[in-house]
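# Coordinate inspection notes
Chain by chain, the residues run as shown.
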Amino acid sequence: MSNLSIQNLHIHFSGVVALDEVSFDIKEGEIFSLIGPNGSGKSTLFNCINGFCSPQRGSIKYNNVDLLARRPHEIVKHGISRTFQNLQNVPFMTLLDNILLGAHHRLTMRDTFTRWISRKERGREEALALEVMDFLGIANFEKKYLSGQPYGIQKLVEIARALICKPKLILMDEPAAGMNDQETLEIGKIISEIRDILNITVLVVEHDMNLVMNISDRICVLDSGRILAMGEPEEVKNHPKVIKVFLGDEVHA
Amino acid sequence: MKRYVSIIIMAALAWIRCENRVTSPGVTDTEILIGNIQDLSGPIKELGFLIPSGTNMYLDYINAQGGVHGRQIKMLIEDHGYNPQKAVVAAKKLIEKDQVFALYNVIGTSTTEAIRPILEESGVPLVAPATMSGTMSDLSRKAGHLIFHTDAGYDVQSNVLVDYILEQNANAKIGVVYQDDDYGANVLKGIAEAEERHGITIQREAYQRGATDFVGQTGNLMKGGITDVIIGGIVREPVTIMKTSQAMKYSPHFFGHAPTVDARVGLLAGDAGEGFTSCYFAYLPDSDKSGPALYRELCEKNNVPEKMRGIYHYYGFATAHILVEGLRRAEEYPTREGLINGLETLNNWESGTYPPITFNKNDHAGVEKIMLLQIQGGKQVAITGWLE
Amino acid sequence: MKGRYDDENLKWIPVLILAIFLFPFILKGATSSYKYYLYVLNIAGIYMILTIGLDLLSGFTGLMSLGHAAFLAIGAYSSAILVDQVGIPFELSIFISPVIAGLFGLVIGFPALRIEGMYLGLTTMGFGFIVKRLIIALREWTGGSAGMPVSKATIFGFTINNDWDNYFMIYSFVIISVIIARRIVISKLGRAFMAIRDSEQAAQASGINLAKYKMLSFFISGLFAGFAGVLFAHTSHFISTDHFDILLSIYFIVMVLIGGAGSIYGAVLGTLFIVLMENLFIPLFKDGLAKYIHLEAGDFQAFIFGFIMLLFIIFQPLGLYGMWLKIRIYWKLFPFNPRRRST
Ligand SMILES: Nc1ncnc2c1ncn2[C@@H]1O[C@H](COP(=O)(O)OP(=O)(O)OP(=O)(O)O)[C@@H](O)[C@H]1O
Ligand SMILES: [Mg+2]
């Protein structure tokens, strides 16, 4: 059964075509990677799923729910959470609160009121966050303010925030960008564990080819908003068009 | 032994007498402290500078003669920036921190209204609040018995103006242009009283505070066939209305309440302002009465610059006479009660600066008479005596 | 289990509260003009309640308001009319009047969904002017621009008579306000506000309905300001539109900024600082300084405040509270402070 299904997606911004006739399905329990040169529309695709952009044509369905009809804040209720390419978090809030931000829709107003009065509810909330922090290996940081923490930690906090709401599908926009080799390896491990241990489907955008080839079940290559190739890592790696685009990219850089 | 006892008794007696003598805050053997709250930073800050300097000129003159009952009068000035809340802060400071004996000359209507609760609570009298609102002398209001109003209220002015107009021309059709706020409300109160007394109706035209365009109002007055227009404005309003009328070839007689007595009206309106009649409740600084004469003499002696002289500077000078007279009539060791009682003994008292002033238990409106002044050949000329 | 949240030292709180309530007695022993100082502190207390609310809106949610004097006015006039003309008891009015101000907050919250920053500032400023005109127009109830007298507060038969009583009433409410605001800040609500301030995208991706929470922020801020207005009306016994002008709104912003936007204690400290500066310290230095700088009284104050603002923005952007935190960390680490090296 297909899980996330994107059909004939087209979006352009005042003349700039960001996505053109993009269609693919993501199956449950899959790690699906999206790669492509800069400006090829990867983040825009995320923004469409997330409701930040409204495409001119096409459809995005998740378990037969039409996501395009939803407002951005409703997406997470359908079990889809995401991280951002550029850090999007609250510097002058503790790590714990930054992570709990992701649990927003899981906490009712009643929880909030009980929390104001009793400490028990606070403990429950904290336990929620600590579980995720343990999973990502950033426990013991919870009382620290996010501002001034290393970039790697801040990236992990974003992932934690996306995980705490117990999603079915997580969208990760360049989780390893700006990380050193050691950290990149760890991110790879974390992504695999998210799928294996937490049973969350992963849609990931990444520039690091090693990482992508190691963890992905399937890969989709975008170029200037069009799908260039799609398939298993081996298949994509040897695809002539892909080689051309990526070599060109390297020469460019 | 006997000697010691008698010394101690003497000392105790002296101490008790001392205790009996100085009873009021703000009064020492050599000084009486008076508090004044002016607008030093708000919309009328020129007045906040001019009025107290006029007062100080008179107080210096009195102090140089030995003060009142041997005490020098010292005036502290606070700023309220025409903000009632700041007026409250200033009053609290003067009364509770600086411990003044009395307040004097607080400027503005809403600012004075705001400090009523403090006056009531502390029992501090307020002499000559610098506002012409008739509500000041309303004894039924909070702290009414502590406030001694020396200006003729706008309501009184309205009444007198209407009387005068009808006296000149029994068939006059009168219109009034009023500011849509407390000033206007007090103007209209007098207008309504006059309507009732004479059995006439007066056309009312409102404007917003700060308005610069009076075409609509002037047009309405013209349509109504109004022959005599009373303008409850300050400076800009009469000037603009008269100029607008001139342009519209509409020429009724124009009258104004006391704030329009400002010399700038004549200057700015030019020939459109010829014949404009305003009213005032004190002698003008250039009249030949004793008060104005002293005023001019002191101005010369103190080298007061020409541009400072005028009704506002003179206003501070004139009201100070009433304060000083009140202090004189308070007992030798003045209490606030004494000041109140002293002021209430004023009965048609001639200050030389004001028409005769009367205060008593049932009447805290000191002046209910006004004089009309007309612009003739660009100069203000008194055209009547005191009207009631 | 000790809450991991409470990074602050809670054991000082009862001592602080005790100190607040003992202070008038010390003041009374120390000076005969204690009533004046109490009055100044009372103003500070009332403004604190408002700036706490303003901080929730501007400091935490990042929405600018130049119209908070208008919310203060709405609270004040509502309560004055409800208590003195409708005859509702004061105890009830302290609940109803803030809600009225809060509802006005919702109204002004609508444009906030579409506009931001300086434009929102201008819109809220316009709102301030409209409210002022409205109050003048409703002359029959509000007394127009002449203002209106307001009765004294009575709580359960006990009349709050003078500045002494006012102090205890106002500061009890300040403490309650601080507690409520702190609770808001550490909960889901506070996180949502801060997320909206720092990243609308992250907020939305986390399921926060921007429209709802921005409106809520305006509502809550209006509640606090309206509540301050109720206290203002019934402790100064006279209200008039002249007081609630744009300058006052700007003062509130300055208080929040100097205290440190985005911190409840900061708002409290900043308010205390500005009110004491304005009423006690500037008058002290004014005469001395006036010899060297030729400025008029009003300009002088604006000059000093502008100068202080500038110093804070350049040297201490986190405000007074940030300064305090730094000092606290310094003493915690003492004597092992990392030495500052001059390079
Ligand atoms: N909101 C927007 N308004 C206008 N143009 C946009 C907008 N968002 C994206 N674009 C344009 O769409 C194209 C695709 O951008 P996108 O951010 O999706 O690329 P990307 O594949 O994520 O690149 P990168 O690897 O640099 O992150 C770019 O040309 C970009 O300028
Ligand atoms: Mg991108």
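Residues numbered from 1 in each chain as written. Chains lettered and ligands numbered in written order. Predicted model: local features only at pLDDT ≥ 70, side-chain atom pairs only at ≥ 80, totals over all residues. Heavy atoms only, no water.

As a further point, take the overall build of chain A. Helix and strand counts for chain A come out as nine helices and ten strands. For chain A, the C-alpha radius of gyration of 19 Å lies close to 18 Å, the compact-globule estimate for 253 residues. Oriented by its inertia axes, the alpha-carbon framework of chain A measures out at about 60 × 40 × 35 Å. Residues counted as buried form 54% of the 253 residues belonging to chain A. Counting contacts in chain A only where the partners sit at least 6 residues apart, residues at least 24 apart contribute 68% of the total. Summing over all exposed atoms, chain A offers an accessible surface of approximately 11,400 Å²; the carbon and sulfur share of this is 50%. Across chain A, the mean location of the 28 positive side-chain charges is 7 Å away from that of the 32 negative side-chain charges. (Helix = DSSP H or I, 4+ residues; strand = E, 2+ residues; numbered from the N terminus. Rg over C-alpha atoms; globule rule 2.2 N^0.38 Å. Buried < 20%, exposed > 50% of the residue type's maximum accessible area, 1.4 Å probe, protein only. Contact = heavy atoms within 4.5 Å. Areas by Shrake-Rupley, 256 points an atom, 1.4 Å probe, with all protein chains shown as cover. Lys, Arg positive; Asp, Glu negative; His and termini not counted. Charge placed at Lys NZ, Arg CZ, Asp CG, Glu CD.)

Okay, the packing of aromatic side chains next. Inspection of every chain in the model, using the stated rule, returns 28 aromatic pairs over all chains. Ring centres of Tyr154 of chain B and Tyr183 of chain B lie 4.4 Å apart, and the angle between their planes is 40°; this geometry places the pair in the tilted category. Here Tyr183 of chain B lies in helix α6 (residues 182-198) and Tyr154 of chain B lies in helix α5 (residues 154-168), a separation of 29 residues in the sequence. Per residue, the accessibility class of Tyr154 of chain B equals that of Tyr183 of chain B, and both read buried. Here the aromatic cluster, defined as three or more aromatic residues joined through ring pairs, consists of Phe21, Phe25, Tyr34, Trp164, Tyr167, Phe168 and Tyr171 of chain C. In this arrangement the basic side chain of Lys28 of chain C is found over the ring face of Trp164 of chain C, its NZ or CZ atom lying 5.3 Å from the centre. (Phe/Tyr/Trp six-rings, centres within 6.5 Å; stacked < 30°, edge-to-face > 60°. Lys NZ or Arg CZ within 6 Å of the ring centre and 35° of its normal.)

Residues and elements named next belong to chain A. Most of strand β8 (residues 201-205) sits inside the fold, with five of its five residues counted as buried. Residues Thr201, Leu203 and Val205 point to one face of β8 and Val202 and Val204 to the other, with burial holding for every one of them. Pairing between strand β3 (residues 31-35) and β8: four bridges, direction parallel. Bridge pairing in β8 places Phe32 opposite Leu203. For strand β7 (residues 169-173) and β8, the ladder comprises five bridges, and the chain directions are parallel. Its bridge partner lying in β8, Met172 is registered against Val204. With respect to chirality, the unit in which β7 leads through helix α6 (residues 181-196) into the neighbouring parallel β8 is right-handed. (Pairing = 2+ DSSP bridges. Right-handed = clockwise from strand over helix to strand, strands pointing away.)

The next subject is the coordination of the magnesium ion (ligand 2). Surrounding the magnesium ion (ligand 2) are the protein donor atoms Ser43 of chain A (OG) and Gln85 of chain A (OE1), at 1.9 to 2.1 Å. Here Gln85 of chain A lies in the loop between β6 (80-82) and α2 (95-101) and Ser43 of chain A lies in helix α1 (residues 42-50), a separation of 42 residues in the sequence. (Donors = N, O, S within 2.8 Å, 3.2 Å for Na, K, Ca; no water.)

This brings us to unusual backbone geometry. Where the residue is not glycine, phi is negative for most of them; where a peptide bond is considered, it is trans in most cases. All names here are of chain B. If you check the backbone angles, Lys249 has positive phi at about 55° while not being a glycine. Tracing the chain through its elements places Lys249 in the loop between α8 (236-247) and β9 (253-256). Relative accessible area serves as the criterion here: at 74%, Lys249 is assigned to the exposed category. Although it is not a glycine, Asn348 adopts a positive phi angle of roughly 50°. Assignment of secondary structure puts Asn348 in the loop between α12 (336-343) and β11 (371-376). For Asn348, a relative accessible area of 47% puts it in the partly exposed group.

A word on helix α1 (residues 12-30) of chain C. A rise of 1.5 Å per residue sets the reference length of α1 of chain C, with its 19 residues, at 27 Å; its end C-alpha atoms lie 25 Å apart and thus fit the reference within 8%. The sharpest bend along α1 of chain C reaches about 40° and sits at Leu22 of chain C, with the proline Pro24 of chain C one to four residues further on. (Expected span 1.5 Å × (residues − 1). Bend = angle between axes of the 7 residues up to and from the residue.)

Secondary-structure assignment places Ser110 of chain B in helix α4 (residues 109-122). Classification of Ser110 of chain B by relative accessible area gives buried; the value is 3%. Taking C-alpha positions, Ser110 of chain B is 27 Å from Arg309 of chain B, a pair spaced 199 residues apart along the chain. Apart from residues no more than four positions distant in its own chain, Ser110 of chain B is found in contact with Tyr82 and Pro84 of chain B together with Ser145, Ala146, Phe238, Ser240 and Asp242 of chain C.

The next subject is the confidence of the model for chain C. Residues and elements named next belong to chain C. Predicted confidence across chain C gives a mean pLDDT of 85, with 88% of residues reaching 70 or more. Between residues 1-7, whose pLDDT stays under 50, and residues either more than four places distant or in other chains, the model counts 21 contacts. Confidence over residues 339-343 falls short of pLDDT 50; this stretch has zero contacts with residues more than four positions distant or in other chains. Both confidence scores are given for the complex: pTM 0.85, ipTM 0.88. (pLDDT = per-residue confidence, 0-100.)

Our next topic: the site of ligand 1. Residue and element names in this part refer to chain A. Around ligand 1, the surrounding shell holds 13 residues, and the nearest of these are Gly39, Lys42, Ser43, Thr44 and Gln85. The separation between an oxygen atom of ligand 1 and a polar side-chain atom of Lys42 is 2.9 Å. Gln85 is positioned such that a nitrogen or oxygen atom in its side chain is 2.7 Å from an oxygen atom of ligand 1. Within the complex, 62% of the 630 Å² of free accessible area of ligand 1 lies under protein. Of all the secondary-structure elements, those providing two or more residues to the shell around ligand 1 are β2 (16-27) and α1. Ranked by residue count, the leading element in the shell around ligand 1 is α1, at three residues. Taken together, the residues of the shell around ligand 1 sort by class into three nonpolar, eight polar and two charged. (Near = heavy atom within 4 Å. Polar contact = N/O pair within 3.5 Å; in protein donor to acceptor, adjacent residues only side chain to side chain. Nonpolar A, V, L, I, M, F, W, Y, C, P; charged D, E, K, R; others polar.)

The subject of this paragraph is the interface of chain A and chain C. Opposite the 38 residues of chain A that make contact, chain C presents 30 residues. Both sides of the chain A and chain C interface together cover about 3,300 Å² of buried area, and 58% of this is carbon and sulfur. Three residues, His73, His104 and Trp116 of chain A, lead the burial of chain A against chain C; their summed loss comes to 21% of the area buried on that side. At the boundary of chain A with chain C, the tally comes to one salt bridge. Arg191 of chain C is the salt-bridge partner of Asp97 of chain A, the closest N and O atoms lying 3.4 Å from each other. Linking chain A with chain C are six residue pairs in polar contact (both at pLDDT 80 or more), by the criterion used here. Taken together, the elements giving at least two residues each to the side of chain A that touches chain C come down to α2, α3 (109-117) and α4 (119-136) of chain A. Taken together, the residues of the side of chain A that touches chain C sort by class into 17 nonpolar, ten polar and eleven charged. (Buried area = accessible area lost by both parts, 1.4 Å probe. Salt bridge = Lys/Arg side-chain N within 4 Å of Asp/Glu carboxyl O.)

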